[in-house]
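Structure assessment
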Amino acid sequence: MISLAGRDIIHSWGKFVFTGFGLGLLIGITLSMAGIYRGMVDDARVLLDNSGADLWVVQKNTIGPYAEPSSLYDDTWREIRGMPGVKQVANITYLTMQVAKDGSDVRAMVAGISPGTPGTPGWPPLLVAGRHITRSHYEAVADVATGFKLGDVVRIRRNHYTVVGLTRRMVSSNGDPMIFIPLKDAQEAQFLKDNDAIRQQRRRTAANPAFNRPAVPGLLEAAVATQSVNPFVNAVLVQVASGHNPLTTATSIRRWKNLTVYTRAQMEEILVGKLIATSARQIFMFLVILSIVSSAIVAFIIYTLTQGKIREIAVLKLIGTKNRTIIALIMQQSMALGAIGFVVGKISATLFMAPIFPKYVLLLPLDSVIGFIAVMIICILASIISIRAALKVDPAEAIGG
Amino acid sequence: MSMKGIRIEGLKKRYGSGDTAVDALKHVNMHVEAGEIVGLIGPSGSGKSTLLKCLGAVIEPTAGKMVLGSDIIYDNGWRVRDLRALRRDRIGFVFQAPYLIPFLDVTDNVALLPMLAGVSNAESRKRAMELLRELNVDHRAHAMPSKLSGGEQQRVAIARGLVNRPPVILADEPTAPLNSDRALTVIRLLNDMAQKFETAIIVVTHDEKIIPTFKRIYHIRDGVTYEEKGEGRSPTEMAT
Ligand SMILES: Nc1ncnc2c1ncn2[C@@H]1O[C@H](COP(=O)(O)OP(=O)(O)OP(=O)(O)O)[C@@H](O)[C@H]1O
Ligand SMILES: [Mg+2]
């Protein structure tokens, strides 16, 4: 027996290739969408991995520092350092903002990292070029995705920073590239008011008789000084010594300090389950809509192709073709269309779509397998209408009136 | 009565029921011997197509009897279970339009029937080629149907009707789209085939050109058949 579906496809290959191509672009978008979701999850994981922390100590009852604002006094770390199982602690600040260079700006997450040596929690683990920050002010390490180069001078708020090192794939959970600057600078940037506001605050303080006492020289200066520094950080990153269970250490920090502590797994749950949950739902909706559109297209095309073959189907039935053969003819064509579409989709997603999407698109082989199965199921379902129509064809039609 | 050919006795077919019922066949008697070709002639709406559909087992008669060879296939109800297999193995169809499968080449259009019956591809194609040669279209064996002339298409359709060596061929206006010469050629081919393969052939026609070739003709009027002797002229002589 010959493959009727195969012969028909070869005969009208133009139709199949063109529709398959259109369908392929849709499938490509669908795969890219799934890839964007995977990329977001991966961004979140990379962020957590690169922070080098086992535990995140944040403001009580917040899910900071990534998903909610959190602030802690910048000396909190001293007390945590002494707790059992703690190997290293470091303050960290995060601030997502526009970073300017030569009139243009990029969105970036600015991380303020504690002074220390490479390996300190919060420090970028690997540089692709340049060196780590060595001075305590006005140096920056930027991710290559910012477009900055070594030696570039970038502006964060009112200060200028020289890019001394470059990282790769250091991103926020939003996919924004990261820029690392010294903690003190970052604290200032987070807290910085404009000159007018500073002057006004000084005037108010000076006008307050409680601070401006002629009898107590220096009091006003001290009061003003406390107002112009930012004693807060967003989180304390904790590295647990090997051999210690992070959970136990977390429990003891919680017991001694009035703070909230998250383990790596909990933090991931917050990022994936809460921070990117809305985007994930959005992507899921897109996937559903794209699947429906794809099935409608396949169903329509197969239906049109089948309608164009009603005469032939009547003849086939008249000369004794089994229903099974006719079902196979239609279903195989539908699946062939899906297969062409999938190949086109996979290629276009990998070669054209993923590289041009601004977000990181992570195409997992497993998603491709799931995608392929889904496409095949959709194609089989989409051929049902046509199969029903074909089975209803009366062989008597071939004889005519 | 021989054990081959077709025999129809008192066949009735009513379409619909109640007020809208149409008695398309009221009383049909007919017999066609193996190797014989008969004409079936009647005005429009007289029941010709209905009769072919009953005999071709695509619609069910209302009453009567149909015998194919030594088998009663209908006797106030179907007497065969698998009508598809009956059509595939024992009845050849030739239609007014050739209705070839557009995505199969000439050989496979013909070879499809034995293939459907489970014959191997190679053997099916061999049988197809033999018939195509017989019908003088073997030079177009690998062409697609759309590339053939009307006459060539019709000859391929005849080859398809014959390839499973059915004891019965039902032809519904097989010469309608053809000019006089080609029409006579088709009839000559059907005559040859009838004799060569001992096939009983019924040709429904309006075609004045070919009516004189039948030895026997059935007239059908308002669903009732009347047998008549035909001129029985040779199509080869008529063509010259
Ligand atoms: N499916 C049907 N339902 C109801 N009536 C039908 C049906 N098919 C045919 N008829 C009626 O049965 C009668 C015989 O029709 P049939 O098609 O057999 O005629 P015919 O001899 O083939 O005519 P023509 O030469 O025009 O093809 C006609 O009156 C027709 O209207
Ligand atoms: Mg008719």
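For every chain, the first residue of the written sequence is number 1, and numbering continues from 1 onward in sequence order. As a convention, the first chain written is A and the first ligand written is 1, with the rest following in written order. Local features in this predicted model are restricted to residues whose pLDDT is 70 or higher, and side-chain atom pairs enter the listing and the counts only when it is 80 or higher, whereas totals over whole chains, interfaces and linings include all residues. Calculated side-chain values reflect all of the structure's heavy atoms, with hydrogen atoms and water omitted.

This brings us to the overall build of chain A. Only DSSP runs of H or I with at least four residues qualify as helices, and only runs of E with at least two residues qualify as strands; both kinds are numbered from the N terminus onward. Secondary structure summary: chain A contains 13 helices and twelve strands in total. Here the C-alpha atoms of chain A give a radius of gyration of 31 Å, more than 25% beyond the 21 Å that 2.2 N^0.38 yields for 401 residues. Overall, the C-alpha framework of chain A stretches about 120 × 50 × 40 Å when taken along its three principal axes. Counting across all 401 residues of chain A, residues that qualify as buried make up 48%. Contacts between residues were defined by any pair of non-hydrogen atoms, one from each residue, lying within 4.5 Å. The contacts of chain A with a sequence gap of at least 6 include a subset with a gap of at least 24, amounting to 76%. In these tables, accessible area is a Shrake-Rupley quantity obtained with a 1.4 Å probe, and a residue counts as shielded only by the protein chains included in the view. Carbon and sulfur atoms form 62% of the exposed surface of chain A, whose accessible area is close to 19,400 Å². For the radius of gyration, the atoms used are the C-alpha atoms, and the globule rule reads 2.2 Å times the number of residues raised to 0.38. Only protein chains enter the calculation, and the probe is 1.4 Å; a residue is then buried if its accessible area is under 20% of its type maximum, exposed if over 50%, and partly exposed in between.

Here we come to the pattern of salt bridges. Residue and element names in this part refer to chain A. What counts as a salt bridge is simple: a side-chain nitrogen of Lys or Arg found within 4 Å of a carboxyl oxygen of Asp or Glu. Applying the stated criterion to the full structure yields 28 salt bridges over all chains. With a closest N to O distance of 2.8 Å, D42 and R169 form a salt bridge. Here R169 lies in the loop between β8 (159-167) and β9 (178-182) and D42 lies in helix α2 (residues 13-51), a separation of 127 residues in the sequence. Its salt-bridge partner being R135, residue E139 comes within 3.3 Å of it at the nearest N-O pair. Relative accessible area serves as the criterion here: at 4%, E139 is assigned to the buried category. Within the structure, one salt-bridge network assembled from shared partners comprises R45, D49, R264 and E268.

Residue and element names in this part refer to chain A. In this model, the largest pocket occupies a volume close to 460 Å³. Each cavity reported here is a set of points on a 1 Å grid over the protein atoms alone in which a 1.4 Å probe fits but cannot get out, each pocket an open set with protein on both sides within 12 Å along at least five of seven lines, and each lining residue one with an atom within 4 Å of a point. Looking at the largest pocket, it is lined by 22 residues, and the ones nearest its centre are T30, A34, L287, I370 and G371. For the lining of the largest pocket, the secondary structure elements donating two or more residues are α2, α9 (277-307) and α12 (365-392). By residue number, the principal contributor to the lining of the largest pocket is α9, which donates eight residues. When residues are grouped by polarity, Ala, Val, Leu, Ile, Met, Phe, Trp, Tyr, Cys and Pro land in nonpolar, Asp, Glu, Lys and Arg in charged, and all others, Gly among them, in polar. When its residues are assigned to classes, the lining of the largest pocket shows 16 nonpolar, four polar and two charged. Grid points are joined across faces, edges and corners, and a volume is the space filled by probe spheres set on the points.

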